[in-house]
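Below, each chain spelled out in residue letters.
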Amino acid sequence: MAQEIPFRQGESIAAALEAQDIQTFGPDASGQDTRFFCGIGACQCCLVRVGGCVTEACLTPARSGLCVERLAGNDV
């Protein structure tokens, strides 16, 4: 189920999700939960799908109209 997530200008997707108490972003290919961890894109633990492309939520700026999905295909 899709839900709108508020965000501040310049905030990353990961920060906006964390502010709404969304701690995990769904399982990765190995079945481990993805989540916000390092905040600099090094660990790739926060992978999500945005517009069909896999990206790090901590490096991707939040903006109106984005559809952020778990890697498994369900909306975050």
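Refer to the structure printed above.
Residues numbered from 1 in each chain as written. Predicted model: local features only at pLDDT ≥ 70, side-chain atom pairs only at ≥ 80, totals over all residues. Heavy atoms only, no water.

Quick look at the pairing of strand 3 (residues 47-50)
Both strand 3 and strand 4 (residues 53-56) contribute to a ladder of 4 bridges, which runs antiparallel. Bridge pairing in strand 4 links Arg-49 to Val-54. Relative to strand 5 (residues 68-69), strand 3 runs antiparallel, the two being bridged by 2 bridges. Across the sheet, residue Val-50 finds its bridge partner in strand 5, namely Val-68. (Pairing = 2+ DSSP bridges. Helix = DSSP H or I, 4+ residues; strand = E, 2+ residues; numbered from the N terminus.)

Details of the side chain of Glu-56
In this structure, Glu-56 sits in strand 4. Of the side chains with opposite charge, Arg-49 lies nearest to the buried Glu-56, which makes no salt bridge, at 13 Å. Within the structure, Glu-56 has its side chain in polar contact with the side chain of Gln-44 (distance 3.1 Å). Other than its neighbours up to four places away in sequence, Glu-56 contacts Gly-41, Gln-44, Cys-46 and Leu-47. (Buried < 20%, exposed > 50% of the residue type's maximum accessible area, 1.4 Å probe, protein only. Lys, Arg positive; Asp, Glu negative; His and termini not counted. Salt bridge = Lys/Arg side-chain N within 4 Å of Asp/Glu carboxyl O. Polar contact = N/O pair within 3.5 Å; in protein donor to acceptor, adjacent residues only side chain to side chain. Contact = heavy atoms within 4.5 Å.)

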